[in-house]
Every structure is written in C-alpha cells, then in structure tokens.
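These are the residues of each chain, in order.
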There are 2 protein chains.
Amino acid sequence: MHSPSELLKQIETAIVEIEYPTYPATLYEPISYMMSLGGKRIRPTMLLMSVDLFNGQIEPAIPAALAIETFHNFTLIHDDIMDNAPLRRGKKTVHEKWNVNTAILSGDVMMVEANKHLTRVDVSVLKPALDTFNATAQGVCEGQQLDMEFESRDDVSIPEYIDMIRLKTAVLVGGAMKLGAIVAGATADHAGLIYSFGENLGIAFQLQDDILDVFGDPEKFGKQIAGDIIANKKTFLLLKLQELANADDLTELTSQFNNADLSDKIGNITKMYKSYKIREIATAEMKAYLDKAFDALNRIDVPESQKSQLISLSLELMNREK
Amino acid sequence: MHSPSELLKQIETAIVEIEYPTYPATLYEPISYMMSLGGKRIRPTMLLMSVDLFNGQIEPAIPAALAIETFHNFTLIHDDIMDNAPLRRGKKTVHEKWNVNTAILSGDVMMVEANKHLTRVDVSVLKPALDTFNATAQGVCEGQQLDMEFESRDDVSIPEYIDMIRLKTAVLVGGAMKLGAIVAGATADHAGLIYSFGENLGIAFQLQDDILDVFGDPEKFGKQIAGDIIANKKTFLLLKLQELANADDLTELTSQFNNADLSDKIGNITKMYKSYKIREIATAEMKAYLDKAFDALNRIDVPESQKSQLISLSLELMNREK
C-alpha cells in the first residue's frame, strides 16, 4: 500500500515528465500552463488508491491517472470560458491569458491528449478502460450543461440538483476509481462497487462544499466565502430553504437576491439558513451519501486493512474546512 | 467492391440510426442538427473505400466511419465559433441557432461520441485504430490553430501554408483511409501508403479549392465566389503572387486589400493572378500532390481493378467545378 502523498508525488512527477509538441506553441502552452497550476490532484490520487486497493501495480496505471487529470483540466478550461471566469487557482484563466479561441482549441487538443494517455494502458484492459472513460466524460459534459441551464430556471428540484452535481462532479471521481479497478484487473463487481463509492463520495463532497461556502471558516476555505449566496447560486442549501420557507420568508429571500449591500445580503440569508436549520439538514444529506459510499466500500471483498487509507482520506475530505 | 454511392448510402443510414441521449436535450439536439445538415460525407466514404481496397468487410468498419464523420462535424461546430461564421451548409451555425456556450459544450460531447463510435471496432485493431484517430484529431487542431495564426501574420511562407492545409484538411482524409486499412486488417506498409494517398489527395483538393475560389464557375461553385479575395485570405494563390510580383504590383496588391469596392477589388486582383500565371502555377502544384497520391496508390499491392473506384473518385474531385 502507498500513502496518498506517495501517490500524489508519483502523479506530480508524471505530469512534469509529459512532453507536449512545441508547434504550434500557442496551442500547447496553455496545456502546460493549466496542468502546472496544481490543485489537489484528488481524482488521479483516488484512481491510484483504487489500484492499490485491488493489489494492482501503480506504474502501469499512471497513464490512466494522467488521462483523468488531463481531462479534468480540459473541462476547467472550457468551463471557465462558459462561466466567464477571470481566475483559476489564483492565476489568470486560459481565455484571459490568451484568448477565447485559443482556450477552445487548446481545450480540444487537451482532450485528445487525455485520450492519448489512456491508450497507453495495457491492451488487455483498453476496451473497458475506454468505455468507462467515455461514459465519465459524457456525464461531466451533461452535468455542466445542466448547471448552466439551472441558472435561468426557477423550478429546479432537489433531486434534479443532486443529479446535476452527480454528473458534474461525482461521476468523475467514480469513473477515476473504476478506471483504477479496471487497470488493476479487479472483477466487474468490484469495479462497480468502487464506482459507487467514488460517486457517492463525490456527491457528499459537493454537498460539503455547499455547506462550507456559507458556514466554512473564511481563514481556511479556499474560495471566496459566501460566493454562492452572492451569486444566488441554486445550491442544496438554497433549494432546501426555498422548499421549507413560509410565504413571508420566501418573499424576503427573493428580495434579498437583489440586495446590492452584499454584507447585508449574506447576513440576512445566513440568518434564514440558521432559522430553518438548513446546515443540519444539508449535513444529514451529506452524511447519507457518505454512508452510501462506505456501504459500497464495505461490500468490497478485500482485507479491511487495505481500505483504511481510503476511509481516512474520505473522512478527511468530509471534515475539511476548505 | 462497392460504388461510392452504395457506401454513402450505408453511411447515411448509419447516421440516421445513431441514438443520442435525450437529456439534457439542449446538449444533444445540436449534435443531431449538425449531423443532419449533410455534406458530401467524403471522409467516411473514403474510409470505406479503403476498407474495400483491402478486401475488408464494410459492416464492421461503419463505427470507424461514424467516428470520423462525427469528429469532423465536431470540428466544424468549434471552427464556426472561432470564425464567427453565421451559416454552415446554408443553415444557421450551432452557436447562432443556440449560443456559444452550448456550441462549445455540444462540440465537446460530440468528440466523446466520436470516441465512443471508435471503441466499437474489433478489439483486435482497437489500439492502432485509436492511435491513428488521436494523431489525426491532434493534427486537425494544430491546423486550425495555424490557420487562425496566419490571419495576423504577414510573413507566411508557401511551405508553411502547405503544412497548414495538410494539418487542417489533409490529415483527416489520410487518417480516415488509414483507419479503413487498419479495420480491414491491412499491413502496416499498406496502411502507411493509403495514408500517404489520402493526405496528398487532401492537399491537392485544398489547392483546387483555392483555385476554384477565383476561377471556378460561379453557377457551380458551392461557396461565394472570390470569398478568399474579399477576405484577403492567404491562399496558395495570394502567397505565390506576393512571391512573384514586382515592387509596383506588390504596392498595388496591398492597396487592393483595403478596396471597399469589392467587385473592383476582385477584378483587379484576378487580373494580377492572370498576368503572373498564378492559376497555371497553382494547378501544377496541385497536380504534383495528385501525382504523389497516385504514386502511393501505385505502390499498394492489390489488383489494379480494385483501385479503379478510388482513381476515378480522385479525378472527379480534381476536375470538379464546385
């Protein structure tokens, strides 16, 4: 077994060693730039932890880990265009540093690079690896589309929201772990269970993110605190509040959406969250998905000792304040 | 052997039979829309002709043909965003009919669809098929990047231009035919030769397109005649004229770039093309690539009778007026 930090080190080394073509420079420089911005590399790490869980070799799984991380970064480049985001990990987004056309096209070729990485897995597992990768990629695109559509809808239900975050965030965690299982030669049952673990963990993670946006420690939370409140983002918290609020509070909430005094807006909406115990409800929902994840993990027939790293990493992610 | 029109019919049938997911509708509708706009389906047809050439079965090669056609249409969606094009095949482009974000994301998921088609080839040829597909996809992106960069450069050389059209247009023809060879179980030598045939034919085809833009019959040419002249597009013709023109004519040419009287501009530049015999030079260049293509085809060790359809289609493409 390898610790997550050992696996992360191998991933970082492999990322640095990738050689992109040098011509046309403007096509490939954004890829190196994006890949070098860092991030937690949580998806490839969990992919390799899944390999470890099923007693696979790490080295032959590195191409799959690079495929997942490259794909993830490609989606960030295109998402940033669509969201008109100026910054990513504290640095200029690709479309800001270069331009929109370059960001579209570098993203496209980055997806090709992701596919190229994946073809380097052992040919005996190539077909199932591709099927998993493509299904994952498709889900992520569907999730992004739903996320955009929800912005202009005022009738988004909580099941729809959960399905959106499942597609946008969780299938990539599940898909990464399933890929790890496939490369490690796990059974189809085991691959399905680790997918379920990853997917449910991913949903729990996103719900935790929704909670931290409002109730996280501003000193520790990586993003702008209350960014979701400011943007009237339809998170689990907001949708649940809209479900539970009485008529007067709903009117008040709707008027707060246009409150230009942001500090006042944050204070008022947070107060409503508190009065309807939205944090507790969201935490219970998050824990329900965490339970589903652990239930799937429990059903995986490997020695419990091999699961300990995954369990502690999951709990760490859930108890994080950032 | 199948005639090109028989193969085209099989492709059209297969395209109609593709079932895309229905949710989210806005993600998948642009894909059906784009695939239904038609076009000559020249790339998948040539892929299947290559299968035929090497005595392969057509049916198992259909997924590869769909992968190529789907990829091609994906590049058109993204190219149309980058070129700010309002129309494609006489209909609204995807970003005009929906919006830019939808066009970006539907394009992305369309590339996943292309990859999904490809994974359905026989597993025994999956790895080389993927390698060829990815190399092709990468080349097309590089070509589009160079095409965009050349717009703002005034020192583009003819070899650079040829390399750009090779990447943007010709590698996809070559790649499609190589894929056909791989799926048909041809030798690596044969796959390389048919690639060379397709690539050189693709370059010849694009040079012919440059010529037809200026000298084609307006009644027959599918696009706006002299569109390249109006846009000051750095085609082979323009680059060659800039190479050969004397100082006075170069000054005159440069001043024509800003001539707002388009009919006058077209007349003046066409006159210069004629006086420097640019059409004849471009035709000779086109024929040189056609010769290279036929040279590669000649070296393929199959009965000459099996090559006749490819030869006649190639000559037809070169003698076209549209």
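Note that this is a predicted model, so its numbers are computed, not measured.

Re the overall build of chain A
Here comes step 1: Of the regular secondary structure elements, chain A holds 15 helices and two strands.
Here comes step 2: What you see for chain A is a C-alpha radius of gyration of 20 Å, in line with the 20 Å of a compact globule of 322 residues.
Here comes step 3: Dimensions of chain A, computed from the C-alpha atoms along their principal axes, are close to 60 × 50 × 35 Å.
Here comes step 4: Split into buried and exposed, the 322 residues of chain A put 57% on the buried side.
Here comes step 5: For chain A, the share of sequence-separated contacts (at least 6 apart) that also reach a separation of at least 24 residues comes to 73%.
Here comes step 6: With an accessible surface of roughly 13,400 Å², chain A has 50% of that area assigned to carbon and sulfur atoms.

Structural notes on the packing of aromatic side chains
Here comes step 1: All chains considered together, the criterion is met by eight aromatic pairs over all chains.
Here comes step 2: Between Phe71 of chain A and Phe133 of chain A, the aromatic rings sit 5.8 Å apart at their centres with planes inclined by 75 degrees, giving edge-to-face as the arrangement. Placement of the pair is Phe71 of chain A in helix H4 (residues 62-82) and Phe133 of chain A in helix H7 (residues 126-151), with a sequence separation of 62 residues.
Here comes step 3: With relative accessibility at 1%, the residue Phe71 of chain A sits in the buried group.
Here comes step 4: Taking 6.3 Å as the distance between ring centres and 45 degrees as the angle between the ring planes, the aromatic pair formed by Phe197 of chain B and Phe294 of chain B counts as tilted. A residue pair is termed long-range when its members are at least 10 positions apart, and Phe197 of chain B in helix H9 (residues 188-215) and Phe294 of chain B in helix H14 (residues 278-298) qualify at 97 residues.
Here comes step 5: Phe197 of chain B sits in the buried class, given a relative accessible area of 0%.

Quick notes on the packing of helix H2 (residues 25-36) of chain B against helix H6 (residues 100-118) of chain B
Residues and elements named next belong to chain B.
Here comes step 1: The contact between H2 and H6 brings their axes to 9 Å, and the two run at 70 degrees. When the axes of H2 and H6 are compared, the pair comes out roughly perpendicular. Facing Thr26, Leu27, Tyr28, Pro30, Ile31, Met34 and Met35 of H2, the residues of H6 in contact are Thr102, Leu105, Ser106, Val109, Met110 and Glu113.
Here comes step 2: The class makeup of the residues in the contact of H2 with H6 is nine nonpolar, three polar and one charged.

As for the environment of Gln206 of chain A
Residue and element names in this part refer to chain A.
Here comes step 1: Residue position: Gln206 is located in helix H9 (residues 188-215).
Here comes step 2: The class for Gln206 is buried, based on a relative accessible area of 17%.
Here comes step 3: Gln206 sits 29 residues away from Thr235 along the chain, and the two C-alpha atoms are 9.6 Å apart.
Here comes step 4: Apart from residues lying up to four places away in sequence, Gln206 is in contact with Ile165 and Thr169.

Remarks on unusual backbone geometry
All names here are of chain A.
Here comes step 1: Looking along the chain, the bond that leaves Tyr23 and enters Pro24 is cis, with omega of 0 degrees.
Here comes step 2: In this structure, Pro24 sits in the loop between helix H1 (4-17) and helix H2 (25-36).
Here comes step 3: Phi at Asn55 is positive, roughly 60 degrees, even though this residue is not glycine.
Here comes step 4: Considering the arrangement of structural elements, one finds Asn55 in the loop between helix H3 (42-53) and H4.
Here comes step 5: Here the phi dihedral of Lys277 falls at roughly 50 degrees; this positive angle occurs in a residue that is not glycine.
Here comes step 6: Inspection of the secondary structure assignment puts Lys277 in the loop between helix H13 (262-275) and helix H14 (278-298).
Here comes step 7: By relative accessible area, Lys277 is classed as exposed at 52%.

A word on the nonpolar core
Here comes step 1: Phe197 of chain A together with Phe197 of chain B are the most contacted members of the largest nonpolar core, which has 231 residues in total.
Here comes step 2: Leaving out residues up to four positions away in the same chain, Phe197 of chain A has contacts with Met46, Met177, Ala293, Phe294, Ala296, Leu297, Leu310 and Ser314 of chain A.

Some points on the relation of the copies chain B and chain A
Here comes step 1: Under the fitted operation, chain B is carried onto chain A by 0.0 Å of movement along the axis and a turn of 180 degrees, and the coordinates agree to an RMSD of 0.0 Å. Taken together, the rotation angle and the small translation identify this as a two-fold axis.
Here comes step 2: Looking at chain B, 100% of its interface residues are interface residues in chain A too, so the copies touch through the same face.

Rules behind the numbers
- Every residue gets a number counted from 1 within its own chain, in the order that chain's sequence is written.
- Note on labels: chains are lettered from A, ligands numbered from 1, in written order.
- Two thresholds apply to this predicted model, a pLDDT of at least 70 for residue-level local features and 80 or more for giving and counting side-chain atom pairs, whereas whole-chain, interface and lining totals are computed over all residues.
- Only hydrogens and water are set aside; all other atoms, that is, all heavy atoms of the structure, feed into the side-chain values.
- Here a strand is any run of E in DSSP of at least two residues, a helix any run of H or I of at least four, and the numbering for each starts at the N terminus.
- Within these notes, the globule rule equals 2.2 Å times the number of residues to the 0.38 power, and the radius of gyration is based on C-alpha atoms.
- A 1.4 Å probe rolled over the protein chains alone gives each residue an accessible area, and that area as a share of the maximum for its type sets the label: buried under 20%, exposed over 50%, partly exposed in between.
- By definition in these notes, contact holds between two residues if any of their heavy atoms fall within 4.5 Å.
- The method behind every accessible area is Shrake-Rupley, applied with a 1.4 Å probe, and residues are considered shielded solely by the protein chains displayed.
- Ring pairs shown here join Phe, Tyr and Trp side chains whose ring centres sit within 6.5 Å, with only the six-membered ring taken for Trp; geometry is labelled stacked below 30 degrees between planes, edge-to-face above 60, and tilted in between.
- Angles shown run from 0 to 180 degrees and are taken between the N-to-C directions of axes, each axis being a line fitted to C-alpha atoms and, for helices, limited to the stretch in contact.
- Roughly parallel means an angle under 35 degrees; roughly antiparallel, over 145; roughly perpendicular, 65 to 115; everything else is oblique.
- In the scheme used here, Gly and all other residues not listed as nonpolar or charged are polar, with Ala, Val, Leu, Ile, Met, Phe, Trp, Tyr, Cys and Pro taken as nonpolar and Asp, Glu, Lys and Arg as charged.
- In this text, buried Ala, Val, Leu, Ile, Met, Phe, Trp, Tyr and Cys residues form a nonpolar core when linked through side-chain atoms within 4.5 Å.
- Least squares is used to superpose the copies, and the fit set is the C-alpha atoms of residues whose pLDDT is at least 70 in both copies.

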